[in-house]
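A closer look at the structure
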Amino acid sequence: VSQSRYREGIGIFRNAKLYKYELLNLEEVYPEKTPQSHAKRRDYLVKNLQKIIKQNKINYIVYEGIYATQNIKVAILLAKVQACIESLCNLNNIEFEEFKATEWRSYLPLKYDVDKPKREDYKKAVKNYIDEIYPELKNEVIDVKEAVAMGVAWIEKQDRFMKGK
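1. A word on the overall build of the protein chain
Of the regular secondary structure elements, the protein chain holds six helices and four strands. Going from the N terminus to the C terminus, the protein chain shows its helices and strands as β-β-α-α-β-α-β-α-α-α. Relative to the compact-globule value of 15 Å for 165 residues, the protein chain shows a C-alpha radius of gyration of 16 Å, a close match. Seen along its three principal axes, the alpha-carbon backbone of the protein chain occupies a region of about 45 × 35 × 30 Å. Residue burial in the protein chain is summarised as follows: out of 165 residues, 43% are buried. Considering only residue pairs separated by 6 or more positions, the protein chain has 59% of its internal contacts joining residues 24 or more positions apart.

This is the structure in C-alpha cells:
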C-alpha cells in the first residue's frame, strides 16, 4: 500500500508475481479539505481495504512509511492513515511491515537523470522502472506504480534475506 493523503495505490502479489492492482481515490470521494473529510477518507480507506483483504485472502501487508516532511499537518494526516492500516491488520490478524521509501527504492535498479534526485526524480524513476517490467501498467497513476514497485522491492528484500545477502 502506497501512502498518500488522497490516493492509495495497492499492489497484490501471489507467489512473488503481481496478481492485482488498484487505486483507492479518496479525494474523489471526499474532495473537501476539512478535518471531517479527512476522517471520512480514512473510514473509506478502512472499509475498502477490509473488502480487499477479505476478497483476496490477504495475509501480509507492506505499507509505505511516512516520509520526512516539513509540513507537520501532512505528517499528522499520514500518521493517522498509517494507524488505520495497522489497526486493520491487527483486527484481521494480518502481519504487517512498514517499508520506508528510501529503503524500498534501494532494492530496485532505479535510474536517475540527476546526481541528487528529488521527489519528482524518484517518482519518474519508479514510473520508468514499472513501465518497463509491467507494460500493462503504463497508463496507471504513480500511486499504483509505487505500490507495485514497493511489492517488487519487498520480494527482492525477502530473496536477499533468504540467500543471506
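What follows picks up the thread again.
2. Remarks on helix α2 (residues 35–56)
If you check α2, its first and last C-alpha atoms are 31 Å apart, about what 22 residues at 1.5 Å a residue would give, namely 32 Å. Listed in full, the buried residues belonging to α2 are Ser37, His38, Arg41, Arg42, Leu45, Asn48, Leu49, Ile52, Ile53 and Asn56. Looking straight down α2, one finds that the buried residues subtend no more than 150° of arc, so they occupy a single side. For α2, exposure combined with an orientation more than 90 degrees from the buried face picks out Gln36, Lys47, Lys54 and Gln55. With its phi angle positive at about 50°, Lys57 sits one or two positions after the end of α2.

3. Some points on the nonpolar core
Burial of nonpolar side chains together is a common tendency in soluble globular proteins. Judged by nonpolar contacts, the single largest core of 22 residues is most densely connected at Trp104, Leu108, Ile130, Tyr134 and Val148. Among the elements that line this core, the one with the most residues is helix α6 (residues 142–162), at seven residues. What Ile130 contacts, discounting residues up to four positions off in sequence, is Pro135, Leu137, Lys145, Val148 and Ala149. Counting residues in hydrophobic clusters, the runner-up holds 17 residues, among them Val1, Tyr63, Leu88 and Cys89.

4. Focus: the confidence of the model for the protein chain
Regions with low pLDDT should not have their predicted coordinates read in detail. For the protein chain, the average pLDDT comes to 91, and 96% of its residues sit at 70 or higher. In the model of the protein chain, helix α1 (residues 26–29) stands out as the element of lowest mean pLDDT, 85, in contrast to helix α5 (residues 119–133), which has the highest, 96.

5. Quick word on the pattern of salt bridges
In this structure the tally under the stated criterion is 10 salt bridges. Glu146 is the partner of Lys123 in a salt bridge, and the nearest nitrogen-oxygen pair spans 2.9 Å. With a gap of 23 residues between them, Lys123 in helix α5 and Glu146 in helix α6 connect regions that are remote in the sequence. Taking the relative accessible area as the measure of exposure, Glu146 reaches 8% and is therefore buried.

Definitions and cut-offs
- Residues numbered from 1 in each chain as written.
- Predicted model: local features only at pLDDT ≥ 70, side-chain atom pairs only at ≥ 80, totals over all residues.
- Heavy atoms only, no water.
- Helix = DSSP H or I, 4+ residues; strand = E, 2+ residues; numbered from the N terminus.
- Rg over C-alpha atoms; globule rule 2.2 N^0.38 Å.
- Buried < 20%, exposed > 50% of the residue type's maximum accessible area, 1.4 Å probe, protein only.
- Contact = heavy atoms within 4.5 Å.
- Expected span 1.5 Å × (residues − 1).
- Arc of directions from axis to C-beta.
- Core = buried A, V, L, I, M, F, W, Y, C linked by side-chain atoms within 4.5 Å.
- pLDDT = per-residue confidence, 0-100.
- Salt bridge = Lys/Arg side-chain N within 4 Å of Asp/Glu carboxyl O.

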